[in-house]
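Fold and contact review
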Amino acid sequence: MTVLVTGGGGRLASALLQGLARREISALAVSHQQLDICDPHELGPYIGKLRPTVIINAAAATDVDRCELHPNWAYAVNVEGVANLAEAARRVGAHLVTVSTDYVFDGAQDHPYRETDAANPQSVYGQSKLEGERLALPESTVVRTAWLTGMTGGSVLRTALARLADGDEVRFVNDQFGSPTFCWDLAEAILDLAVDQQPGLFHVVNAGETSWWGLVRELAELAGFDPEQVQPISSAELEPPRPAARPAYSVLATEALTAAGYRPLRHYSEPLAEFVSAVR
Ligand SMILES: NC(=O)c1ccc[n+]([C@@H]2O[C@H](COP(=O)([O-])OP(=O)(O)OC[C@H]3O[C@@H](n4cnc5c(N)ncnc54)[C@H](OP(=O)(O)O)[C@@H]3O)[C@@H](O)[C@H]2O)c1
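Quantities reported herein were computed from a predicted structural model and do not represent experimental measurements.

Quick notes on helix H7 (residues 183-196)
- Relative to the 20 Å expected for 14 residues at 1.5 Å per residue, H7 spans 20 Å between its end C-alpha atoms, a close match to the ideal helical length.
- The buried fraction of H7 is high, at 10 of 14 residues.
- Looking only at H7, the buried set comprises Cys183, Trp184, Asp185, Leu186, Ala187, Ala189, Ile190, Leu191, Leu193 and Ala194.
- Looking one or two residues beyond H7, the residue adopting positive phi is Gln197, at roughly 50°.

Some points on the sheet that holds strand E10 (residues 200-203)
- Strand order in this open sheet of six strands is E2-E1-E3-E4-E5-E10, and the pairing throughout is parallel. At either margin of the open sheet sits one strand with a lone partner, and together these are strand E2 (26-30) and E10. Direction aside, neighbouring strands of the sheet carry axes that sit 20° apart on average.
- For strand E5 (residues 141-145) and E10, the ladder comprises four bridges, and the chain directions are parallel. Looking at E10, one finds that Thr141 is bridged to Gly200.
- Here helix H5 (residues 124-136) sits on the sheet and contacts strand E4 (95-101), E5 and E10; the angle it forms with E4, its principal contact strand, is near 155°.
- Here H7 sits on the sheet in contact with strand E3 (54-57), E4, E5 and E10, set at roughly 165° to E5.

So, the pattern of salt bridges
- The tally for this structure, following the rule as stated, stands at 14 salt bridges.
- With a shortest N-O distance of 2.7 Å, Arg23 and Glu188 are connected by a salt bridge. Highlighted residues: Arg23 in the loop between helix H1 (11-22) and E2 and Glu188 in helix H7, separated in sequence by 165 residues.
- Arg23 gets classed as partly exposed once you look at its relative accessible area, which sits at 29%.
- Residue Glu270 pairs with Arg266 through a salt bridge whose shortest N-O separation is 3.7 Å.
- Given the relative accessible area of 26%, Arg266 is considered partly exposed.

Remarks on the packing of helix H4 (residues 71-92) against H5
- For the pair H4 and H5, the least separation of the axes is 9 Å and the interaxial angle reads 10°. Taken together, the axes of H4 and H5 lie roughly parallel to each other. Regarding H4 and H5, the two cross each other, and that crossing is right-handed. In this structure, H4 contributes Pro71, Ala74, Tyr75, Asn78, Val79, Val82, Ala83 and Arg90 to the contact, and H5 contributes Val124, Tyr125, Gln127, Ser128, Lys129, Glu131, Gly132, Leu135 and Ala136.
- Classifying every residue of the contact of H4 with H5 gives 10 nonpolar, four polar and three charged.

Describing the site of the ligand
- Taken together, 25 residues form the shell around the ligand, and within it His32, Asp36, Thr62, Tyr125 and Lys129 come nearest.
- A distance of 2.8 Å is found between a nitrogen atom of the ligand and a side-chain nitrogen or oxygen belonging to Asp36.
- Here Ile37 contributes a backbone N or O atom positioned 3.0 Å from a nitrogen atom of the ligand.
- A total of 910 Å² of accessible area belongs to the ligand in isolation, and the protein chains cover 82% of it.
- If you list the elements that add at least two residues to the shell around the ligand, you get H1, E4 and H5.
- If you tally residues by element for the shell around the ligand, the top one is E4, at three residues.
- By residue class, the composition of the shell around the ligand is 13 nonpolar, nine polar and three charged.

Rules and cut-offs
- Residues numbered from 1 in each chain as written.
- Predicted model: local features only at pLDDT ≥ 70, side-chain atom pairs only at ≥ 80, totals over all residues.
- Heavy atoms only, no water.
- Helix = DSSP H or I, 4+ residues; strand = E, 2+ residues; numbered from the N terminus.
- Expected span 1.5 Å × (residues − 1).
- Buried < 20%, exposed > 50% of the residue type's maximum accessible area, 1.4 Å probe, protein only.
- Pairing = 2+ DSSP bridges.
- Axes fitted to C-alpha atoms, helices over the stretch in contact; angles between N-to-C directions.
- Contact = heavy atoms within 4.5 Å.
- Salt bridge = Lys/Arg side-chain N within 4 Å of Asp/Glu carboxyl O.
- Parallel < 35°, antiparallel > 145°, perpendicular 65-115°, else oblique.
- Left-handed = near helix turned anticlockwise from the far one by under 90°.
- Nonpolar A, V, L, I, M, F, W, Y, C, P; charged D, E, K, R; others polar.
- Near = heavy atom within 4 Å.
- Polar contact = N/O pair within 3.5 Å; in protein donor to acceptor, adjacent residues only side chain to side chain.
- Areas by Shrake-Rupley, 256 points an atom, 1.4 Å probe, with all protein chains shown as cover.

Structural data, given as structure tokens:
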């Protein structure tokens, strides 16, 4: 089995590569510079030559506000890129796994979103990811995840820790609720699905739900800072205002994963503690 990971320079890709190495699966990760998923003339021959068993697409336009301001970029990477990969995978008989987002939902619900709930994205990012999903399904695996933190790469939590360490007061919204998820747990679930070449749409997030304010308070406590350094604000108070709308509530239910016989991910507080020990 050979696994190709696109978007090799990203947070999730790095966790996937570590998981693949642990499983002793032959794998190759290619960065954006090495392989542009938007270029079918480059992609087709590359995949035709490598003939991977599975392609895991960890490449995406992930800067939500930049997507809002540059929709052509968002659609090129998140829609055309996935279409190119699906076509290239089909040609060599490879199984495609691609990753999507909780931002496909509008956030109006007050209980966790299931895979069967209607998507209604409120941002260019969410819309582009939804269109990418639809191009990949039904034969590929589509994994929707949320609020990612990795051991590598930038993240809200890493920035918050640095500011807390400087003694700053930090302000986080207490009116957006979601499923904080850690890349090393997510990567294991993605690899289980990838090895089985399990098609379908799966929500994969760590268990538990909180607001950004609640999450950063927990982070502060675990890291030994005064949780009162973390102050709640509303989304309307964010300065400067963000170009893209965020769902107020985007907690994901992971029933499809468990129904298919896979273990649900543990509560987010466990990997949160691992994150703090690793980066402090
Ligand atoms: N981060 C989150 O909170 C979050 C939440 C829900 C879902 N997701 C989804 O999870 C997946 C992984 O996200 P992540 O946080 O690991 O993202 P990331 O760290 O931003 O990594 C994405 C990678 O894709 C690369 N890329 C961009 N355009 C490309 C192209 N045309 N061809 C090839 N590579 C390209 C980027 O390279 P350059 O930087 O060099 O362009 C970057 O290395 C994405 O599908 C994302 O939508 C993320």
